[in-house]
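# Structure at a glance
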Amino acid sequence: MPILLVPSLGWQELVLILLIVVIIFGAGKLPEIGGALGRGIREFRQATREENNAPAETEPIAQETVKKDA
C-alpha cells in the first residue's frame, strides 16, 4: 500500500495561502467565508454525532419488528 507523504505547512505557506485568498475574494468577504466554514464544520460534527447515536436508537425498533413477524 503506497503511503502518501503530505508535507507540513509552515507559517510562510499559510501566509501565502491567506494572501491568495484575500486577492481572490477580497478582505470584505473573509468574515463571511470564515463564518460559512465554521457553520459547515459544526454541521458536519453534529451529523457524525447523530450517525453514531442512530444505531442504538433504531435497534429496539428492529427487534420489535422481528417479534411482530414471528
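For the structure itself, look to the data block above.
Residues numbered from 1 in each chain as written. Predicted model: local features only at pLDDT ≥ 70, side-chain atom pairs only at ≥ 80, totals over all residues. Heavy atoms only, no water.

## Notes on the pattern of salt bridges
Applying the stated rule across the entire model yields one salt bridge. Across the salt bridge formed by E32 and K29, the nearest N and O atoms sit 3.9 Å from each other. The class for K29 is partly exposed, based on a relative accessible area of 41%. (Salt bridge = Lys/Arg side-chain N within 4 Å of Asp/Glu carboxyl O. Buried < 20%, exposed > 50% of the residue type's maximum accessible area, 1.4 Å probe, protein only.)

## Some details on a nonpolar patch on the surface
Together, L16, I20, I23, I24, F25 and I33 make up a nonpolar patch on the protein surface, roughly 620 Å² of accessible area in all. Here the nonpolar patch gets five residues from one element, more than from any other, and that element is helix α1 (residues 11-25). Relative to the assigned elements, I33 resides in helix α2 (residues 30-69). Residue classification places I33 among the partly exposed positions, given a relative accessible area of 34%. (Patch = residues over 30% accessible without salt bridge, like charges linked within 9 Å, V, L, I, M, F, W, Y side chains within 5 Å. Areas by Shrake-Rupley, 256 points an atom, 1.4 Å probe, with all protein chains shown as cover. Helix = DSSP H or I, 4+ residues; strand = E, 2+ residues; numbered from the N terminus.)

## Examining the environment of V21
Checked against the element boundaries, V21 lands in helix α1. Discounting residues that sit within four places of it in the chain, V21 has contacts with G26 and L30. (Contact = heavy atoms within 4.5 Å.)

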